[in-house]
Amino acid sequence: MTSAAATTSAPVKRSTSVRTWIAAYGVYLALALLVVVNVIITPHFLTLSNLRLQLIQTAPVLIVALGMAMVIGTKGIDLSVGSVMALSAAVMPLYIGYGTMPAIIVGIVAGGLSGLMIGLLVSHFGLQPIVATLAVLIGGRGLANVIGGEIKNLSDPGLAVLGTGSLLGVPYSVLSAIVFVIVVGFIMRRTSFGVMIEAIGGNKRAAELAGIRIKSVLVTVYVLSGLLAAFAGILVAARSQASDPRTLGLLMELSAIAAVVIGGTSLNGGRVRVLGTVGGALLMQLIVSTLVSHNVADSISQMVQAVVIVVAVALQVGRRRT
């Protein structure tokens, strides 16, 4: 009986190991395969202009996804990031007359205040993250429309440099994303704050017994998510030289969550995979651009993205059950 049980459990263990590996690192394999496919079937895929465009379009999603990853690490969620992007861009035209930096600072402060409100609602008032962030999603977009109204022109030399300029051939938006990846990676792997984030997501009760100030950590995490979303909104507005509160950041929360989940970070909280989030953002962008370049309808593109997200979540669920 013992021998039979051991024989039966061996394939199960191998299956579990494969599933765990795919859930954690499958995004890199999928990304590599998709790159190879594009090299073969997509004309001019390896041109410098195309690669530059892919990175520029990925940068805002990645920046938002980094904040989302920290929130999800605490077993939370932030549905407000798209509205925060719109709100930060909407307040900039009001202060652009004072200069580029004051306008940017005001936009970032707006994002930080939005994150602070969510953090307080979640940590001090006990609201579920999905409820608190849904409220800010709706209210933030409404406030952005009240402040911004219709599309506002943001013709400013400083913003033009931020949106379309580059350093040694690397766009500032991409450089910004790289800096944030390094900073968030350092926070999660080299600081006690990163340990506390994962501890809260892994077992909130145990983290509380260990003396972790859970309320302070949660407030800080949501503020960081708001700040990153605000900066992403500023990048998008700077590149287009306009602020449109109706469409800017629309559905960004879904793209960010997809990048985080596909990158291997569990929605049940715990370990945050920063590099996996980078891979997830790149993969989602490449899927969209591949389908667009081959004249696939946008509706089909959305369905393909949905399938990818479902598969990623299913792998995580299977991993937890085994």
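Heads up: these notes are all about the structure in this document. (Residues numbered from 1 in each chain as written. Predicted model: local features only at pLDDT ≥ 70, side-chain atom pairs only at ≥ 80, totals over all residues. Heavy atoms only, no water.)

**Side note on the overall build of the protein chain**
Inference 1: A count of helical and extended segments in the protein chain gives 13 helices and 4 strands.
Inference 2: Whereas a compact globule of 322 residues would reach a radius of gyration of roughly 20 Å, the protein chain reaches 21 Å, a difference of no more than 12%.
Inference 3: For the C-alpha atoms alone, the extent of the protein chain along its principal axes is close to 80 × 55 × 35 Å.
Inference 4: Relative to its 322 residues, the protein chain shows a buried fraction of 48%.
Inference 5: Carbon and sulfur atoms make up 70% of the accessible area of the protein chain, which totals about 15500 Å². (Helix = DSSP H or I, 4+ residues; strand = E, 2+ residues; numbered from the N terminus. Rg over C-alpha atoms; globule rule 2.2 N^0.38 Å. Buried < 20%, exposed > 50% of the residue type's maximum accessible area, 1.4 Å probe, protein only. Areas by Shrake-Rupley, 256 points an atom, 1.4 Å probe, with all protein chains shown as cover.)

**Here we look at the pattern of salt bridges**
Inference 1: Throughout the structure, instances matching the rule amount to 3 salt bridges.
Inference 2: Close ionic contact of Arg-189 with Glu-198 constitutes a salt bridge, the shortest N to O distance being 3.1 Å.
Inference 3: Assessed through its relative accessible area of 32%, Arg-189 is described here as partly exposed.
Inference 4: The class of Glu-198 is buried, set by a relative accessible area of 18%. (Salt bridge = Lys/Arg side-chain N within 4 Å of Asp/Glu carboxyl O.)

**Points about helix α11 (residues 252-262)**
Inference 1: Across the 11 residues that make up α11, a large majority, 9, are buried.
Inference 2: Of all the residues in α11, the buried ones are Met-252, Glu-253, Ala-256, Ile-257, Ala-258, Ala-259, Val-260, Val-261 and Ile-262.
Inference 3: Just downstream of α11, Gly-264 is the residue with a positive phi angle, here 105°.

**Let's talk about the nonpolar core**
Inference 1: Met-68 and Met-188 are the most contacted members of the largest nonpolar core, which has 75 residues in total.
Inference 2: Among the elements that line this core, the one with the most residues is helix α10 (residues 214-240), at 14 residues.
Inference 3: Apart from the residues lying within four places of it in its own chain, the contact partners of Met-68 are Ile-77, Asp-78, Val-81, Ser-225, Glu-253, Ala-256, Ile-257 and Val-260.
Inference 4: Residues Ala-86, Leu-87, Val-91 and Ala-144 belong to the second largest nonpolar core, which totals 6 residues. (Core = buried A, V, L, I, M, F, W, Y, C linked by side-chain atoms within 4.5 Å. Contact = heavy atoms within 4.5 Å.)

**Structural notes on the packing of helix α6 (residues 157-164) against α10**
Inference 1: For the pair α6 and α10, the least separation of the axes is 7 Å and the interaxial angle reads 105°. Here α6 lies roughly perpendicular to α10, going by the angle between them. Mapping the contact onto sequence places Leu-159, Leu-162, Gly-163 and Thr-164 in α6 and Ile-234, Leu-235, Ala-238 and Arg-239 in α10.
Inference 2: Here the residues of the contact of α6 with α10 sort into 5 nonpolar, 2 polar and 1 charged. (Axes fitted to C-alpha atoms, helices over the stretch in contact; angles between N-to-C directions. Parallel < 35°, antiparallel > 145°, perpendicular 65-115°, else oblique. Nonpolar A, V, L, I, M, F, W, Y, C, P; charged D, E, K, R; others polar.)

**Points about the packing of aromatic side chains**
Inference 1: All told, the structure shown has 2 aromatic pairs when counted by the stated rule.
Inference 2: Aromatic side chains Tyr-95 and Tyr-98 sit 6.2 Å apart centroid to centroid with 35° between the ring planes, which places their arrangement in the tilted category.
Inference 3: Between Phe-180 and Phe-231, the aromatic rings sit 5.3 Å apart at their centres with planes inclined by 70°, giving edge-to-face as the arrangement. Here Phe-231 lies in helix α10 and Phe-180 lies in helix α7 (residues 172-190), a separation of 51 residues in the sequence. (Phe/Tyr/Trp six-rings, centres within 6.5 Å; stacked < 30°, edge-to-face > 60°.)

**Overview of unusual backbone geometry**
Inference 1: With phi around 55°, Gln-241 is a residue other than glycine that occupies positive phi space.
Inference 2: Mapped onto the elements of the fold, Gln-241 is located in the loop between α10 and β4 (242-243).
Inference 3: Notably, Asn-295 is not glycine yet its phi reads approximately 60°, a positive angle.
Inference 4: Turning to its location among the elements, Asn-295 is positioned in the loop between α12 (274-293) and α13 (298-321).
Inference 5: Exposure remark for Asn-295: the relative accessible area of 72% places this residue in the exposed category.

**Observations regarding the environment of Ala-229**
Inference 1: Looking at where Ala-229 falls in the secondary structure, it is placed in helix α10.
Inference 2: As a C-alpha pair, Ala-229 and Gly-211 span 18 residues in sequence and 30 Å in three-dimensional space.
Inference 3: Those residues within four positions of Ala-229 in sequence are excluded, and the remaining contacts are Val-64, Val-81, Val-84 and Met-85.

**Brief notes about the side chain of Thr-74**
Inference 1: Along the polypeptide, Thr-74 turns up in the loop between α2 (48-73) and α3 (81-95).
Inference 2: Owing to a relative accessible area of 8%, Thr-74 belongs among the buried residues under this scheme.
Inference 3: One polar contact links the side chain of Thr-74 to the main-chain carbonyl oxygen of Val-71, over a distance of 2.6 Å.
Inference 4: When residues no more than four places from it in sequence are discounted, the contact partners of Thr-74 are Ile-197, Ile-200, Gly-201, Leu-218 and Val-221. (Polar contact = N/O pair within 3.5 Å; in protein donor to acceptor, adjacent residues only side chain to side chain.)

**Examining the environment of Met-85**
Inference 1: Tracing the chain through its elements places Met-85 in helix α3.
Inference 2: What makes Met-85 buried here is its relative accessible area of 1%.
Inference 3: Distance in space between the C-alpha atoms of Met-85 and Gln-241 is 15 Å, their sequence separation being 156 residues.
Inference 4: Those residues in contact with Met-85, other than ones at most four positions away along the chain, are Val-64, Ala-229, Ala-232, Gly-233, Val-236, Leu-248, Gly-249 and Met-252.

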